[in-house]
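The lines below spell out each chain.
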Amino acid sequence: IVVMVGSVIKGLVGIIAMILSPIGLVIAAVAALGSYLVYATGIGGKAMAWLGGRFEKLRDIASDVFGGIADALQAGDITLAARILWLSLKLAWAKGTDSLLGVWSKFRDFFLDIFDNFTFGAQVLWAEFVGGIRRAWAHLVAGLTKAWATFSAWHKGSVEKTGNWIAKKMLWVQSKFDDTLDLEFAYRHVDQQSAQRFAEIDSDRDAALAKADASRDEAISRANEARDKRLAEIGQKDAETQRRRADAHAQQLADSESELTQARAELEDAIESARRKRHERDA
């Protein structure tokens, strides 16, 4: 007895020491603050009212069930009394599973939505990345093609300028040995040929540049069309996934509600049957 009393006293001393310690005081203050907030905001009253409503429903259900069992026993139908008890348990189970199904569906759909957003978002990013690569490649090819066309035109022009200069020098040398040669006329003829050649070079360059621009624009258009098509497919798959999930969720809730309604109807029918049999027995 002395040992037991000593242990109790030690425990009380430890509790008092914990309460008087800084941590204990903080815990007590937080608890007091929480209690005051519950009281001041009316949350406690709302919670008690909600629990009271639930207990009232349970009381009504239990009253009906116990009354039905009593009626069945008074009518001498033990099987019916057992059936009412079983149906009451079945109804309680159906209600519980119906509530849990709603909670589980929301919980599951929350994570499935996150997974779908990640999956379809990654597909959208990949489609945008591929489209960007295709557009960049189209610009690169067009730039290289235009650079080559410009270089080719410059090279051909340089060759033509060199040929014009050599031709004029050869004509000048020839004029030193041929007095009948009209040097100015020959120069103009050479310049006319060079001007015609320069015009052809510029025309070919402009055509090559225009073709490169057209090819680039066509490639970009194809890349955009492919990207838009892929994005539309992703959006359609996402919508179909959401629709299938919503349909499955609605079907589950409908089945659960149907089972709950059926269980409630069977219980009410059994209770009414017990009441009718008791009245018949009393009569």
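One numbering rule holds for all chains: residues counted from 1, following each sequence as written. Only residues with pLDDT of at least 70 are given local features in this predicted model, and only at 80 or more are side-chain atom pairs given and counted; all residues enter the totals for whole chains, interfaces and linings. Note that the side-chain values use all heavy atoms of the structure and ignore hydrogens as well as water.

S.K.: It is not clear to me how the overall build of the protein should be interpreted in this structure. Could you clarify?
M.R.: Here a strand is any run of E in DSSP of at least two residues, a helix any run of H or I of at least four, and the numbering for each starts at the N terminus. The number of helices and strands found in the protein is 5 helices and 0 strands. In sequence order, the protein lays out its α and β elements as α-α-α-α-α. The 283 residues of the protein split such that 20% are buried. Pairs at least 24 apart in sequence give 79% of the contacts found in the protein among residues at least 6 apart. In this scheme, a residue with accessible area under 20% of its type's maximum is buried, one over 50% is exposed, and one in between is partly exposed, where area comes from a 1.4 Å probe on protein chains only. Contact criterion: two residues are considered in contact whenever any of their non-hydrogen atoms come within 4.5 Å of each other.

S.K.: Would you mind going over the nonpolar core with me for this structure?
M.R.: Buried together is how nonpolar side chains tend to be arranged in soluble globular proteins. Nonpolar core, defined: a set of buried Ala, Val, Leu, Ile, Met, Phe, Trp, Tyr and Cys residues in which side-chain atoms within 4.5 Å join the residues together. Ala-72, Leu-80, Ile-84 and Leu-267 are the most contacted members of the largest nonpolar core, which has 14 residues in total. Residue assignment for this core shows that the elements contributing at least two residues are helix H3 (43-74), helix H4 (78-177) and helix H5 (183-282). If you tally residues by element for this core, the top one is H5, at 6 residues. With sequence-adjacent residues up to four places away left out, Leu-267 is seen in contact with Val-65, Ile-84, Leu-87, Ser-88 and Leu-91. Core analysis: the next-biggest nonpolar cluster, separate from the first, contains 5 residues, Leu-171, Ala-186, Tyr-187 and Val-190 among them.

S.K.: Looking at this structure, I do not really get the side chain of Ser-194. What am I missing?
M.R.: Relative to the helices and strands, Ser-194 resides in helix H5. By relative accessible area, which is 4% here, Ser-194 ends up buried. Once residues within four sequence positions are removed from consideration, Ser-194 is found in contact with Glu-160 and Asn-164.

S.K.: How should I be thinking about the environment of Glu-266 in this particular structure?
M.R.: Along the polypeptide, Glu-266 turns up in helix H5. Expressed as a C-alpha distance, the spacing of Glu-266 and Ser-88, which sit 178 residues apart in the sequence, is 9.3 Å. Those residues in contact with Glu-266, other than ones at most four positions away along the chain, are Leu-87 and Lys-90.

S.K.: Is there a simple way to explain the packing of aromatic side chains in this structure?
M.R.: When two rings of Phe, Tyr or Trp (its six-membered ring) have centres within 6.5 Å they constitute a pair, described as stacked for plane angles under 30 degrees, edge-to-face for angles over 60, and tilted for the intermediate range. Enumeration according to the criterion identifies 3 aromatic pairs in this entry. Note on Trp-148 and Phe-151: the rings are 5.8 Å apart at their centroids and 35° apart in plane angle, and the pair reads as tilted. One end of the pair, Trp-148, and the other, Phe-151, are both in helix H4, 3 residues apart, so they sit about a helical turn from each other. According to the relative accessible area criterion, Trp-148 is exposed, its value standing at 58%. Here Phe-151 falls in the partly exposed class, since its relative accessible area comes to 41%. Taken together, the aromatic side chains of Trp-148, Phe-151 and Trp-154 make up a single cluster linked through ring pairs.

S.K.: Even after reading the chapter, I still don't get the pattern of salt bridges, so can you show me in this structure?
M.R.: Note that side chains of opposite charge can pair when their charged atoms are close. We define a salt bridge as a contact between a side-chain nitrogen of Lys or Arg and a carboxyl oxygen of Asp or Glu at a distance within 4 Å. Within this structure, the stated rule accounts for 12 salt bridges. Salt-bridge contacts for Asp-206 lead to Arg-205; the nearest nitrogen and oxygen are separated by 3.3 Å. Residue Arg-243 pairs with Asp-247 through a salt bridge whose shortest N-O separation is 3.5 Å. Taken together, the positions of Arg-243 and Asp-247, both in helix H5 and 4 residues apart, correspond to about one turn of that helix. For Arg-243, a relative accessible area of 47% translates into the label partly exposed. In this structure, a network of salt bridges that share partners links the residues Lys-146, Asp-213, Arg-216 and Asp-217.

S.K.: Would you mind going over the environment of Thr-150 with me for this structure?
M.R.: Assignment of secondary structure puts Thr-150 in helix H4. A C-alpha to C-alpha distance of 8.8 Å links Thr-150 and Asp-206, two positions 56 residues apart in sequence.

Coordinates in, geometry out; function isn't part of it.
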